[in-house]
Every structure is written in C-alpha cells, then in structure tokens.
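# Residue-level structural notes
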Amino acid sequence: MRAAPTILHLDMDAFYASVEQASKPSLRGKAVIVGGLGPRGVVATASYEARRFGVHSAMPTAQARRLCPNGAYLIPRFRLYQAVSEVVMGLLRELSPLVEPLSLDEAFVDLEAGGTAFDSKSARATGERLRADIRAATGLSGSVGLAGSKMLAKVASEEAKPAGLLLIEPGTERELLAPMSVRTLPGVGPVTGEHLRRAGITTVGELAEAGEDELVRMVGRSHGVGLYRMALGLDDRPVVAERDAKSVSVEDTFDVDLHDRVRIRTEVQRLADRCVHRLRGSGHSGRTIVLKVRRYDFSTLTRSETLRGPTDDPAVVREAAARLLEGVDTTGGVRLLGVGVTGLADYTQEDLFAQSMAAEAAAASAGASAAAPAAEAVAGAGGVEPDGAAEAGAPGAPSGSAGSEGPGGAAEGAEAGGPGGEPEAAPERRWAAGSDVLHAVYGPGWVQGSGVGRVTVRFEQPGSPPGRVRTFRVDDPELEPCDPLPLVGETDPRPTGQGVSSPFARRPKSRRTSDGRETSSP
C-alpha cells in the first residue's frame, strides 16, 4: 500500500457500444448491443441505454432480444476497437512508462513512476486531464479510479462509472469497502459469493470481521488469506508494464451443431491456421497443442499434445490438432471447436519443420510416381499440405476447404465446381448488421439490416448528423465493404449520402492554381 493515491485505473465506458454510437450518429442515446447475432450469439457489450432493460455482457443474444427488442444489434468491429484502444493506450504511456493493459479498454498506470503525481491533488488533476484528453482524441468517455493499490483503484473506477473519477484517500479504505458486496472484490465469483452468503457473509465488512482463520477454514488457505487481505484493503501488487502471454487460442461457436466428420475436421484445420497466424503475430511459438470440443449436450472435452520443441509451423499445428480430434467422439454433434497453443517461447525448433517435411516426402514417395513431381513442387515452395486437404477434394467432400484462404483458396474452389470443371456461381453477398460499406454515389455508411435479397444502409459517418436510409439489392455492384472511419478528425473526403453533410466538408482546403494563386474550396 502506498501513502498517496498514485495508482490509476482507467476503464472505458461500455467501450464497444460507445465506439459504435460515436461512429453511427443515429444510434447516439439509443440502446446498442454488440456481440454475436446468430442463434447462439453472446452479448459482448451493451450501452447504458440497453442496460436499463436488463441487458448485460455475457448474456445470450436471444435473451437480450427478448428484453430489448427495439435495440440496435451489431457485430463487433475489432479492427476499429483496436485502433481506438491504441490511441487511448498512447495517452496513458505519456503519463508513465509503467502501463499495464488488462484489455482493449482497461489499464493500470503507475503515476509516481512517471513523475506525474506524488499526492492526492496532483493525482486528481492528472486523472481529470486524462479524461479530457481521451474525450478530445476519441470522443469517448472513460472512468478513472485513483488509490494506493491496484485493487482499490479498480474498485474506485467501478464506483465512478459512467464518465466519472473517484479518488480513495489512503486511510479510508476499510470505511469505503465495508458496506460493499463481497462480489466487489477481485476473485469472488458467483460460486464463492454464494458459499459466503450461506455462511452469513454478504459485505466486505462482514468478511473482515470473520477473521483470517475462519475464511481459511471456509475456502482454503490460499484463497482465504487473500480474501482477508483484500477485505482490509491490502494489496502490494506492482504495476507491471509487460505481462508474458501464457497461451494463444481461437474458437468458434456454430449456429447449428456440426455432425459431418469431414466438416468438423475442416473447421479444426481452419482454426489451427488462425491460431498460428495469431501466434506469429505475437512473436511467439508454442510447444503444446490444445483442442477444445463442446458437444451438443454442453459437455466440454479438452485434449492436448506436447511436441519435442516449440513451433509456429501451421502444418505441424494442423497435424497435431487432427490427431487430437481422432480421439474425440463427436457423435451427436459439436457446437463449439477451439484450437490453442501453450508453453510459449520466442524461438522455434527447426527439427520439427524437418520432421513435417520428411513425413510429407515419405507419403509422396509411397504414392504413384506421377504424383512425385507435384509433391516436389509443394516442398520446393516451402509449403506443407495438411492431412485434410487431400480429403477435402475427395468424392463427397465439400468443394474448397474452409482453411484454404488467400488467392489459392478461390482457385481451388473454382476447380472443384460444377460438372465438367465449370466454376460454380458466386454465392450471394452477405451483409452483417453494423458493417461498414461504401457506395459509389452515396458514400460511406453502415448496414442496418439485410434479408430477402435486399440490404438496408444508413449513410452517415462520425461527426455528421443522423443520415438517411436507402435499400439496395444485395448484389448491387456500386456497394462495397470498406474500412471503418476514424471517430475524430477528418473522416472521409468521399461523397456522403443525400441529406448527410460530411464533417470533412466543413474544413475548407486550400489549393494553388496553375498561375500561383491560392484558393479555398469546401
């Protein structure tokens, strides 16, 4: 515990939903729910307007629709959230070199290490300045907690929501915590909270009065000692600038249970490729491959295989995941699949690549002699064919592998098309609610909904008035997906829909004519 409240905790308010409201003027002040939109989708974030109806994070989207039928339900746009998060984290790093991000919208900051605050007055001033800077840079609000420890700073930011600041003066911790629910403390979830409730302990004050010995008897030594210290407001954990990742994983929940074994194998290969892409993006390799399967009855199975050394080779991860899948009974259907890598390192073991290549070469030499040149061509290109790739092209298998991404995937799908090798007709374009689009005539907008061969688009952008709505055919050649626009500043110089004025147009641009004169144009 510090003698001054120089640990700051920032938590952006309803981050995903607030970003959507800022980028879509017609949604400001309205209920916005961001998450999966399918039958098994889950709410990621709900705006404060939606929370009044009882909608909250981790709630099934179907239940949220029953509680708030008139809300705007949108898919997440993680690329935009990441860009906004980088702006916010950059502002935090201007305050101190010790910034500990917890997620895209949440972080601890050691103000004392940055020399920006040494007492309550300077800490409060820094917190208020940070909130103003975030508002100016992103147009969003964040809640700030200031205290002498990480735990208390996080409690303070929760109490300050939304768009507030709370500073806990050292020495007042127990008085502040006493009336709060035990669920306020980190690590006290529904199970522990119910266990304590049955023992007659519902507040932090009652937790402190119970004493360390009683808590150890109830929940075990490790958890009991920690709970007692937190109830007293004691927390000596430092702010850590970089935390080592322990694992990298990806998973998908399917709208309809998967029963076809070939389809399940293909999805596992696709997830393995995505996992390796994320693994390489973080600059790591891994030694243990993990497969997660949730079956139709919600039973979850986890299988793992440890390699001789760390790898970031997609072929090795695909092969290991496929071997793990062979040992899992998927009879009855699968609702969720996941692939992960643990035992992370910052190097790879080259003999694993050699092992995979040798196995591929052995398989090629054992086949027909006509297949040898093709196998050599693949090896010479540095690629390793996954086990399921050959099966995906077998009779009865779906044309085109879901894991075959990039330019090659489209060509393979065309070759496996209709009779006589003729390419299949292009599938109908799908427009997810909330996604960004650009129309050749009306400019940037976002998808409000689609169905029955039509897509409805609202043409507006950050900083503009609420825009007009227009409906097009889903295959309209003038309508294309596009990247999100920035929330603040010059947004998009392209034309906007009729009735939508672009904030870019309010900034006259100067240009120099051929005779040297400088003119302004809107």
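See the structure printed just above.
So, a few notes on the structure that sits alongside this text. (Residues numbered from 1 in each chain as written. Predicted model: local features only at pLDDT ≥ 70, side-chain atom pairs only at ≥ 80, totals over all residues. Heavy atoms only, no water.)

Let us look at helix α13 (residues 314-326). Taking 1.5 Å per residue, 13 residues should reach 18 Å; α13 reaches 18 Å between its end C-alpha atoms and fits that length. Of all 13 residues in α13, 10 are buried, a share of seventy percent or more. For α13, the set of buried residues is Ala 315, Val 316, Val 317, Arg 318, Glu 319, Ala 320, Ala 321, Ala 322, Leu 324 and Leu 325. Sitting at the head of α13, Asp 313 places a side-chain oxygen 3.2 Å from the backbone nitrogen of Ala 315. (Helix = DSSP H or I, 4+ residues; strand = E, 2+ residues; numbered from the N terminus. Expected span 1.5 Å × (residues − 1). Buried < 20%, exposed > 50% of the residue type's maximum accessible area, 1.4 Å probe, protein only. Polar contact = N/O pair within 3.5 Å; in protein donor to acceptor, adjacent residues only side chain to side chain.)

Attention shifts here to the packing of helix α1 (residues 15-23) against helix α4 (residues 78-93). Two packed helices can be described by the angle between their axes and the distance between those axes. Taken N-terminus to C-terminus, the directions of α1 and α4 make an angle of 95 degrees; their axes are 11 Å apart at the nearest point. Judged by the inter-axis angle, α1 sits roughly perpendicular to α4. Contacts between α1 and α4 involve Phe 15, Tyr 16, Val 19 and Glu 20 from the first element and Phe 78, Leu 80, Tyr 81, Val 84 and Ser 85 from the second. Grouping the amino acids of the contact of α1 with α4 by side-chain chemistry returns seven nonpolar, one polar and one charged. (Axes fitted to C-alpha atoms, helices over the stretch in contact; angles between N-to-C directions. Parallel < 35°, antiparallel > 145°, perpendicular 65-115°, else oblique. Contact = heavy atoms within 4.5 Å. Nonpolar A, V, L, I, M, F, W, Y, C, P; charged D, E, K, R; others polar.)

This brings us to the sheet that holds strand β11 (residues 300-311). The strand order across the open sheet built from four strands is β9-β12-β10-β11, with neighbouring strands paired in antiparallel fashion. Single-partner strands in this sheet number two, and they are β9 (247-258) and β11. Across the sheet, the axes of successive neighbouring strands diverge by a mean angle of 10 degrees, strand direction being ignored. In the packing of helix α12 (residues 261-281) onto the sheet, the strands contacted are β9, β10 (285-295), β11 and β12 (334-345), and the crossing angle to β9 comes to about 150 degrees. (Pairing = 2+ DSSP bridges.)

With respect to the helices and strands, the residue Gly 142 is situated in strand β7 (residues 142-147). Take Gly 142: its relative accessible area is 5%, and that puts it in the buried class. Residues Gly 142 and Asp 13 lie 129 residues apart in sequence; the distance between their C-alpha atoms is 5.2 Å. Among all residues touching Gly 142, those that are not within four sequence positions of it are Leu 10, Asp 11, Met 12, Asp 13, Arg 131, Ala 163 and Gly 164.

Taken in spatial order, the five strands of this open sheet run β5-β6-β1-β7-β8, and their pairing is mixed. Pairing within the sheet leaves two strands with one partner each, and these edge strands are β5 (99-103) and β8 (165-167). Between one strand axis and the next, the sheet turns through 15 degrees on average, direction left out of account. Across four bridges, the pairing between β5 and strand β6 (residues 106-110) is antiparallel. Pairing of Glu 100 across the sheet is with Phe 108, part of β6. Those strands touched by α4 are β1 (7-12), β5 and β6, and its axis lies near 155 degrees from that of β5.

A complete count under the given rule lists one cavity of 30 Å³ or more for this structure. Computed from the structure, the largest cavity encloses a volume of approximately 90 Å³. In this structure, the largest cavity is lined by Ser 23, Lys 24, Arg 77, Asp 436, Pro 444, Gly 445, Trp 446, Glu 460, Gln 461, Pro 462, Pro 484 and Leu 485. Per-element accounting of the lining of the largest cavity gives the leading share, three residues, to strand β14 (residues 443-451). Residue composition of the lining of the largest cavity, by class: five nonpolar, three polar and four charged. (1 Å grid on protein atoms, 1.4 Å probe; cavity = no way out; pocket = protein on both sides within 12 Å on 5 of 7 lines; lining within 4 Å. Points joined across faces, edges and corners; volume = space filled by probe spheres on them.)

Turning to the pairing of β1, a few remarks are in order. Within β1, six of the six residues are buried, which leaves the element mostly enclosed by the surrounding structure. In β1, alternate side chains face the same way, and those of Ile 7, His 9 and Asp 11 on one face and Leu 8, Leu 10 and Met 12 on the other are all buried. One ladder, built from six bridges, connects β1 with β7; its direction is antiparallel. Residue pairing across strands places Met 12 opposite Gly 142, the latter belonging to β7. Strand direction decides the pairing type here: β1 and β6, joined by five bridges, are antiparallel. Each residue of the ladder has a partner; that of Asp 11, found in β6, is Glu 106.

This brings us to the pattern of salt bridges. Should their charged atoms come close, side chains of opposite charge can pair. For the coordinates displayed, the defined rule picks out 28 salt bridges. With a closest N to O distance of 2.9 Å, Asp 235 and Arg 237 form a salt bridge. Of the residues examined, Arg 237 reaches a relative accessible area of 44% and is grouped as partly exposed. Between Asp 273 and Arg 318 there is a salt bridge whose closest N-O contact spans 2.5 Å. In this pair, Asp 273 sits in helix α12 while Arg 318 sits in helix α13, placing the two residues 45 residues apart along the sequence. (Salt bridge = Lys/Arg side-chain N within 4 Å of Asp/Glu carboxyl O.)

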